[in-house]
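A look at the structure
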Amino acid sequence: MSSYESRLSRRAFGGAVAAGATAAAVGVSAADAQAQTPLVERPFKAAPHRRAKRPNILFILGDDLGWADLSSYGAPHIKTPNLDRLARQGVRFTDAYSGSATCSPTRFSLYTGRFPGRTKGGLAEPIADRSVGLEPTHPTLASLLRDAGYATALIGKWHCGYLPDYSPTKSGWDEFFGNFGGALEYYSKLGLGGEYDLYEGDVREGDAEYKDLRYYTRILTERASEYVQRDHGDQPWLLNLNFTTPHWPWIAEGDEEESAEIVRRVKAGHKGALWHQDGGSVEKYAEMVQDLDRSIGEVLRALKKSGQERDTLVFFASDNGGERFSYNWPLSGNKASLREGGIRVPTIVRWPARLDGGQVSHEPVFTPDWTATLLEIGGARPHPVYKLDGTSLAPYLLKGERLAERELFWRVRGERALRRGDWKYYRGKGGQDQLFNLAEDRREQADRAVDEPKRLGELKAAWERTDKGLLPYPAE
């Protein structure tokens, strides 16, 4: 544990004691007091002698949520008691990364367990038309787990291609309810092109007897709560729950007037209306994040009510770094950048049957690792032809085995990055090779390239070796 983290833990402990005393004085319940107190964590340690059956998997993604947008990650102005409680009951990761810096490629890396650049659809950053998507012939987390006996469902944002060629139900998910595009207006469900983008399976939900024009996060929360309480018998299940919150447009529940104005612009043909460049605020963004937290809390309460909490692995993360109003301190950069703020994301894992709570891990991990991990835990074998780029964390999490030093690789148009241990190689759009020691400089301000030319050369060469095995970007 670094000296910074040690000081943070001591402050957290002091805050917890003070909060407990205050709660006793004013009559606040112990549960409420716990939800409001800072985390008190210990370094991660596996419990290797426990045994459990194959877990259900509830994999929750926020959309464009920044690394420090949760109160358990340092946000001073955003309260996320439900996700903080999840962290208390599980393992919080400080050095977890997304597979890429935007929506679609990260989802490709999760669903395939491979670098986005392995597939044509993964080269789109993000997917913006119907020309590419996740090929139905490619094995996925869902198809492999389904073949191993899991029921599978995806609720929420897909963003890996459009009908008629691409769909969750063509790629291993038994059920799908959600939107195909990268964003939608939260009430009208209009997408970037003005289309109604809410589907039940491969049929637009609006083509049925009615359209559900309530706030989208509410609808997804209800659907997910129903799914986790459903009687699946002895069959384990995988639910990918992909919220669009807190992605733009910046509309919280109750903002019908703002919604109506955006809908007016969309219908008038104003391209980019959903980007909401003239709207939003730090306060509105915080409201949306707190609503995401409440919604996740509702799903988790439904899971507990179902009696499956102990045997369900719950995973929470963001699909990439934060956007305009996100709180990323002390990281630099945000969404679309390979700076830490664009790819380092809050990540929490809870599995009561196998993992002790109140723990923190500082191991560098990224999205494709979780694919490999969940396949191993779920008893599914990767497809021999489609080699995974992630490393299963199951031996580390469940047996206490040490993770070998390895390389985490990223590539987006105009930028490159690779992390090995504490060191990160980075080249931005300016074309300058840079080297940072993240243990000492998470903000990436002290370029060590001149001081460490050999290390810089090694990491640069490692990046280029991996890049050679990927598809080239099409000409713009």
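See the structure shown above.
Residues numbered from 1 in each chain as written. Predicted model: local features only at pLDDT ≥ 70, side-chain atom pairs only at ≥ 80, totals over all residues. Heavy atoms only, no water.

**Some points on the packing of aromatic side chains**
Ring pairs (aromatic) are described by centroid distance and by the angle formed between their planes. To be explicit about the condition: Any Phe, Tyr or Trp ring, taking Trp's six-membered ring, that has another such ring centre within 6.5 Å forms a pair; planes under 30 degrees apart are called stacked, those over 60 apart edge-to-face, and the others tilted. Runs of H or I in DSSP of at least four residues are treated as helices and runs of E of at least two as strands, each being numbered from the N terminus. The rule is simple: take the accessible area with a 1.4 Å probe, protein chains only, and divide by the maximum for that residue type; under 20% is buried, over 50% is exposed, in between is partly exposed.
One pass over the structure, following the stated rule, counts 21 aromatic pairs. Seen in terms of ring centroids, Y111 and W158 are 5.7 Å apart; in terms of plane orientation they differ by 15°. Their pairing is stacked. Taken as a pair, Y111 in helix α4 (residues 103–112) and W158 in the loop between β5 (151–157) and β6 (175–179) lie far apart in primary sequence, 47 residues in all. The residues Y111 and W158 share a single accessibility class, namely buried.

**Considering the nonpolar core**
Note the cut-off: Only buried residues count toward a nonpolar core, which is a set of Ala, Val, Leu, Ile, Met, Phe, Trp, Tyr and Cys residues joined through side-chain atoms within 4.5 Å. Should any heavy atoms of two residues lie within 4.5 Å, those residues are considered in contact.
Ranked by internal contacts, the top residues of the largest apolar core, which has 58 residues, are L58, I60, W237, L239, L241, I296 and F316. Secondary-structure elements contributing two or more residues to this core are β2 (56–62), α3 (81–88), β5, α6 (216–229), β9 (237–242), α7 (256–267), α8 (282–305) and β10 (312–318). With 10 residues, α8 is the single largest residue contributor to this core. When residues no more than four places from it in sequence are discounted, the contact partners of I60 are L241, F243, I296, V314, F315, F316 and A317. Membership of the second largest hydrophobic core comes to 51 residues, among which are V91, F93, A372 and L398.

**Things to note about unusual backbone geometry**
Note the cis peptide between L163 and P164, where omega equals 10°. Residues W248 and P249 are joined by a peptide bond in cis, for which omega reads 5°. Mapped onto the elements of the fold, P249 is located in the loop between β9 and α7. The backbone phi angle of A336 is positive, close to 85°, even though this residue is not glycine. Along the chain, A336 falls in the loop between β10 and α9 (340–343).

**Observations regarding the packing of α6 against α8**
Stated precisely, the cut-off is as follows: Note on geometry: axes are lines fitted to C-alpha atoms, helical ones only across the stretch in contact, with angles between N-to-C directions running from 0 to 180 degrees. Angle categories are assigned with fixed cut-offs, so that under 35 degrees is roughly parallel, over 145 is roughly antiparallel, 65 to 115 is roughly perpendicular, and the rest are oblique. Left-handed describes a crossing whose near helix is turned anticlockwise from the far helix by less than a right angle; the clockwise case is right-handed. For this classification, Asp, Glu, Lys and Arg are treated as charged, while Ala, Val, Leu, Ile, Met, Phe, Trp, Tyr, Cys and Pro are nonpolar and the rest, including Gly, are polar.
Two numbers describe how α6 lies on α8: the axes approach to 8 Å, and their chain directions differ by 15°. In terms of orientation, α6 and α8 fall into the roughly parallel class. In the crossing of α6 with α8, the sense of the turn from one axis to the other is right-handed. Within the contact between the two elements, α6 uses T217, R218, T221, A224, S225, V228 and Q229 and α8 uses D291, S295, E298, V299, A302, L303 and K305. Classifying every residue of the contact of α6 with α8 gives 5 nonpolar, 5 polar and 4 charged.

**Overview of α7**
For clarity, the cut-off: Helix span, as expected, comes to 1.5 Å for every residue beyond the first. As used here, the arc is the angular range of directions from the helix axis to the C-beta atoms.
Taking 1.5 Å per residue, 12 residues should reach 16 Å; α7 reaches 16 Å between its end C-alpha atoms and fits that length. Among the residues making up α7, those that are buried are S259, I262, V263 and V266. Around the axis of α7, the buried residues are gathered within 105° of arc, so they sit on the same side.

**Re the sheet that holds strand β15 (residues 415–420)**
Heads up, the rule is: Paired strands, as defined in this entry, are two strands with at least two bridges between them according to DSSP.
Pairing in this open sheet of 4 strands is antiparallel, and the strands run β14-β15-β16-β17 from one edge to the other. Because the sheet does not close on itself, it has two edges, and the strands there are β14 (407–412) and β17 (433–437). Strand-to-strand, the axes of this sheet are offset by a mean angle of 15°, without reference to chain direction. Judged from the 6 bridges that link them, β14 and β15 form a sheet pairing that is antiparallel. Note that in β15 the partner of W410 across the bridge is A417. Those strands touched by helix α12 (residues 453–468) are β14, β15, β16 (423–427) and β17, and its axis lies near 115° from that of β15.

**Quick look at the side chain of R107**
If you trace the backbone, R107 turns up in helix α4. For R107, the contacting residues outside a window of four places in its chain are L61, D63, K157, W158, H159, C160, N242 and D319.

**Looking at the sheet that holds β9**
Overall, mixed pairing links the 11 strands, which are arranged β1-β12-β3-β11-β10-β2-β9-β5-β6-β7-β8 in an open sheet. Every interior strand has two partners, whereas the edge strands, β1 (42–43) and β8 (203–204), have only one. Sheet topology note: the β1/strand β12 (residues 359–361) ladder contains 2 bridges and is parallel. In the sheet register, P43 faces β12, and the bridge partner there is V360. Set on the sheet, α3 makes contact with β3 (91–93), β10 and β11 (347–350); between it and β11 the angle comes to about 55°. Strands β2, β9, β10 and β11 of the sheet are contacted by α8, whose axis makes an angle of about 170° with β2.

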